[in-house]
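# Commentary on secondary and tertiary structure
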Amino acid sequence: MKLYKKTSSKVISVVALSVLSQAVNAIPFAFEGRSLGMGGVSTATADLATASWANPAMLTNQRPDDDFSLLIGIGAFARDNGDLISDIDSFQEADDRRKAAIDSGDTAGAVAALSDMSNVIDGIDGKDLAADVSGLAAMGIAFDSFALAISIRADSIGAGTVKNLSTDPVDLIDPNSGKNLFTLEGVLATEFGLSIAKAFVFSESRLSIGVKPKLVDLQSFTFQESINTVDSDTNVLDEGKKSDLGTFASFDLGVAYDFNESFRLGLNVRNIVTDEFQLQSGQVLNIDTTSRIGFAYHNSLLTIAVDYDLSENKPILSDLEFEELKTQYLAVGAEFNAFDFAQLRVGARKNVASDIPDGAKDTALTAGVGFWLGFNLDIAAVYSNSSVGAFVQTGFRF
């Protein structure tokens with residue numbers, strides 16, 4: 001009998017681990033650890049090491065003694081807003097019971113198991129799950145009059161749902177019927193960027209402006225298999241359809257305004273030059289402009305911040321089935337600093353986008369720690385009823 005733990009391994013492996021295997025040609029990847037531990041805030045709290053992704057203007061925010069920073073990180077995030085994994089597990093478990101009943105001559109048991117399989121299909125329509133795997137590396141350098149950073153980031157995004165639904169008894173038991181197919185779509189975006197920022201001082205206030213020209217390479221793949229047989233041993237890249245979409249050039253623009261030594265406002269606008277790509281399926285993948293604003297209070301012992309997406313962010317997936325994976329985050333977070341040796345981080349974020357599943361509306365709680373051991377070590381995790389994620393990063397500064 002297929003238990004939940006086993007099937008979870010199957011489906012998560014197909015959606016997440018196979019996505020990772022596609023990305024090994026780029027770099028290992030993850031979310032940025034400091035911000036993840038603080039609920040995802042970063043627009044007004046990033047530093048020389050992390051500003052490349054959070055807000056290029058924040059390159060000017062470095063400790064007085066730090067002119068160089070190197071960062072490498074890896075992590076993953078998975079969400080199952082409609083509990084799709086449990087449904088697939090229940091379907092496969094019922095299919096096992098049906099087969100066992102037939103082998104033992106239990107007709108009533110076989111009919112009952114088939115009914116359970118039909119009930120699962122009736123309730124599975126519109127449910128989806130997704131996994132994001134990210135990895136990054138950056139090198140930042142601060143000069144007397146400006147700061148710059150070279151960065152590389154890979155984001156691998158996979159989403160799955162069940163299509164071609166049918167409760168016909170033949171379709172329920174035949175994995176070759178072309179019905180009840182677990183369908184996976186994935187995109188790998190590898191970004192190479194050069195961020196430059198300069199600060200302008202006005203009495204007690206300071207205005208920082210940053211820009212990040214970048215090249216983004218895109219690949220995509222699709223995969224389908226009956227939910228009767230979907231398995232973690234499946235090699236998605238061998239059995240799916242993988243294609244190179246091409247490369248596009250764009251840039252991000254960031255602004256940070258320090259009202260005084262403690263209060264700061266930040267704004268980051270990404271992908272100011274947009275693009276679109278035609279997929280083999282005929283669908284169009286759009287790269288849209290996104291923007292986020294942030295406000296922070298900080299001193300030597302404490303940082304408190306809030307970030308807000310100014311618009312809804314559609315998933316970088318072409319299939320309209322995944323429209324409900326869109327996000328618009330409101331995030332709050334705090335960092336407690338113990339003499340620059342250790343940091344404790346906590347936060348929360350909520351998806352306030354419209355027309356999303358109830359599970360996607362759950363508030364995600366985050367926590368993280370940072371240590372200086374002659375090098376930086378940051379560990380962070382995020383959890384909600386429908387999602388889980390973690391990140392680890394390391395580097396050094398001087």
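Residues numbered from 1 in each chain as written. Predicted model: local features only at pLDDT ≥ 70, side-chain atom pairs only at ≥ 80, totals over all residues. Heavy atoms only, no water.

## Remarks on the overall build of the chain
Operational definition: For the purposes of this entry, the term helix denotes a DSSP run of H or I that reaches at least four residues, the term strand denotes a run of E that reaches at least two, and both are numbered from the N terminus. Throughout, exposure labels follow a simple rule: accessible area from a 1.4 Å probe, protein chains only, divided by the maximum for the residue type, with under 20% read as buried, over 50% as exposed, and the rest as partly exposed. A contact between two residues is defined here by any heavy atoms of the two lying within 4.5 Å. For the area figures, the Shrake-Rupley method with a 1.4 Å probe applies, and any residue is considered shielded solely by the protein chains shown.
Check the secondary structure of the chain and you find seven helices and 16 strands. Put simply, the chain has 398 residues, and 53% of those count as buried. For the chain, the proportion of contacts with a sequence separation of at least 24, taken over those separated by at least 6, is 66%. Accessible surface computed for the chain: about 17300 Å², of which carbon and sulfur atoms make up 59%.

## Observations regarding the nonpolar core
Here is the rule we go by: Buried residues of nine kinds, namely Ala, Val, Leu, Ile, Met, Phe, Trp, Tyr and Cys, make up a nonpolar core once their side-chain atoms join them within 4.5 Å.
Formed by 18 residues in total, the largest nonpolar core has its most connected members in Leu84, Ile88, Phe91, Val162, Phe182 and Ile227. Going through the elements one at a time, helix H4 (84–104), helix H5 (107–124), strand S4 (181–202) and strand S5 (205–226) are the ones with two or more residues in this core. Per-element accounting of this core gives the leading share, five residues, to H4. The contacts of Val162, once residues within four sequence positions are left out, are Leu84, Ile88, Ile124, Lys127, Asn180, Leu181, Phe182 and Ile227. Judged by nonpolar contacts, the second largest core, of 12 residues, contains Ala51, Ala54, Met58 and Ala147.

## Describing the pattern of salt bridges
For clarity, the cut-off: The rule for a salt bridge is simple: a side-chain nitrogen of Lys or Arg has to be within 4 Å of a carboxyl oxygen of Asp or Glu.
Applying the stated criterion to the full structure yields 20 salt bridges. Lys212 is the salt-bridge partner of Glu191, the closest N and O atoms lying 2.4 Å from each other. With Glu191 in strand S4 and Lys212 in strand S5, this pair connects stretches of sequence that are 21 residues apart. The shortest N-O distance in the salt bridge between Asp252 and Arg270 comes to 3.9 Å. Here Arg270 lies in strand S7 (residues 263–270) and Asp252 lies in strand S6 (residues 241–258), a separation of 18 residues in the sequence. Relative accessible area serves as the criterion here: at 2%, Asp252 is assigned to the buried category.

## Here we look at the packing of H4 against H5
Going by this rule: Structural elements are reduced to axes, namely lines fitted to C-alpha atoms, with helices fitted over the stretch in contact, and the angle between N-to-C directions of any two is expressed from 0 to 180 degrees. Note on terminology: angles under 35 degrees are roughly parallel, angles over 145 are roughly antiparallel, angles of 65 to 115 are roughly perpendicular, and the others are oblique. Whether a crossing is left-handed or right-handed is set by the direction in which the near helix is turned from the far one by less than a right angle, anticlockwise for left-handed and clockwise for right-handed.
Two elements in contact, H4 and H5, have axes separated by 8 Å at closest approach and are oriented at 160°. Taken as axis vectors, H4 and H5 run roughly antiparallel relative to one another. You can see that H4 and H5 cross each other, and the crossing is left-handed. Between H4 and H5, the contacting residues are Leu84, Asp87, Ser90, Phe91, Ala94, Asp95, Arg97, Arg98, Ala101 and Ile102 on the first element and Gly109, Ala110, Ala113, Leu114, Asp116, Met117, Val120, Ile121, Gly123 and Ile124 on the second.

## Comments concerning empty space enclosed by the protein
Over the atoms, a rolling probe the size of a water molecule traces out where space has been left empty. The criterion, for reference: Of the two site types, the cavity is a set of points on a 1 Å grid over the protein atoms alone where a 1.4 Å probe fits but cannot get out, and the pocket is an open set with protein on both sides within 12 Å along at least five of seven lines, each lined by residues with an atom within 4 Å of a point. Grid points are joined across faces, edges and corners, and a volume is the space filled by probe spheres set on the points. Side-chain classes are defined by residue name, with Ala, Val, Leu, Ile, Met, Phe, Trp, Tyr, Cys and Pro counting as nonpolar, Asp, Glu, Lys and Arg as charged, and the others, Gly among them, as polar.
Within the structure shown, the criterion is met by two cavities of 30 Å³ or more. Estimated volume of the largest cavity: approximately 160 Å³. Going through the elements one at a time, strand S1 (68–79) and strand S13 (342–351) are the ones with two or more residues in the lining of the largest cavity. In terms of residue class, the lining of the largest cavity is made up of five nonpolar, seven polar and five charged. As a volume, the second largest cavity reaches approximately 30 Å³. Lining of the second largest cavity is provided by Glu32, Arg34, Ser35, Met38, Val41, Ser42, Thr45, Ala46 and Thr50. Taken together, the residues that form the lining of the second largest cavity break down as three nonpolar, four polar and two charged.

## Considerations on the pairing of S6
Rule in force here: Two strands form a pair only when DSSP identifies at least two bridges running between them.
In this sheet, S6 lies alongside S5 in antiparallel orientation, the contact comprising 17 bridges. For Gln219, the partnering residue across the bridge sits in S6 and is Asp244. Two strands pair when backbone bridges link them, and S6 and S7 are joined in this way by six bridges, in the antiparallel orientation. Considered in S7, the bridge of Leu253 is made with Val269.

## Quick word on the environment of Phe263
Secondary-structure assignment places Phe263 in strand S7. Residues Phe263 and Ala44, 219 residues apart in the sequence, show an inter-C-alpha distance of 9.2 Å. What Phe263 contacts, discounting residues up to four positions off in sequence, is Tyr257, Asp258, Phe295, Ala296, Tyr297 and His298.

## Some thoughts on the packing of aromatic side chains
Stated formally: Ring pairs are drawn from Phe, Tyr and Trp, using the six-membered ring of Trp, whenever the two centres fall within 6.5 Å, and their geometry is named by plane angle: stacked under 30 degrees, edge-to-face over 60, tilted for the rest. The criterion for a charge sitting over a ring is simple: Lys NZ or Arg CZ within 6 Å of the ring centre, and within 35 degrees of the ring normal.
Under the definition given, this model contains eight aromatic pairs. On the basis of an interplanar angle of 85° and a centroid distance of 4.9 Å, the ring pair of Tyr257 and Phe259 is categorised as edge-to-face. Seen from their ring centres, Phe263 and Phe295 are 6.0 Å apart, and the 25° between their planes marks the pair as stacked. With Phe263 in strand S7 and Phe295 in strand S10 (residues 290–298), this residue pair connects regions lying 32 residues apart in the sequence. Overall, Phe263 belongs to the partly exposed group, its relative accessible area being 33%. One aromatic cluster is present, formed by Phe68, Phe396 and Phe398 through successive ring pairs. Looking at Lys198, its charged tip hangs above the ring of Phe200, at a distance of 5.7 Å from the centre.

## Observations concerning unusual backbone geometry
One non-glycine residue, Asn164, lies in the positive phi region at around 55°. As for its placement among the helices and strands, Asn164 is situated in the loop between strand S3 (147–163) and helix H6 (169–173). Accessibility expressed as a relative area gives 39% for Asn164, which makes it partly exposed. One non-glycine residue with positive phi stands out, namely Asn180, at about 55°. Along the chain, Asn180 turns up in the loop between H6 and S4. Among the residues examined, Asn180 registers a relative accessible area of 0% and is labelled buried.

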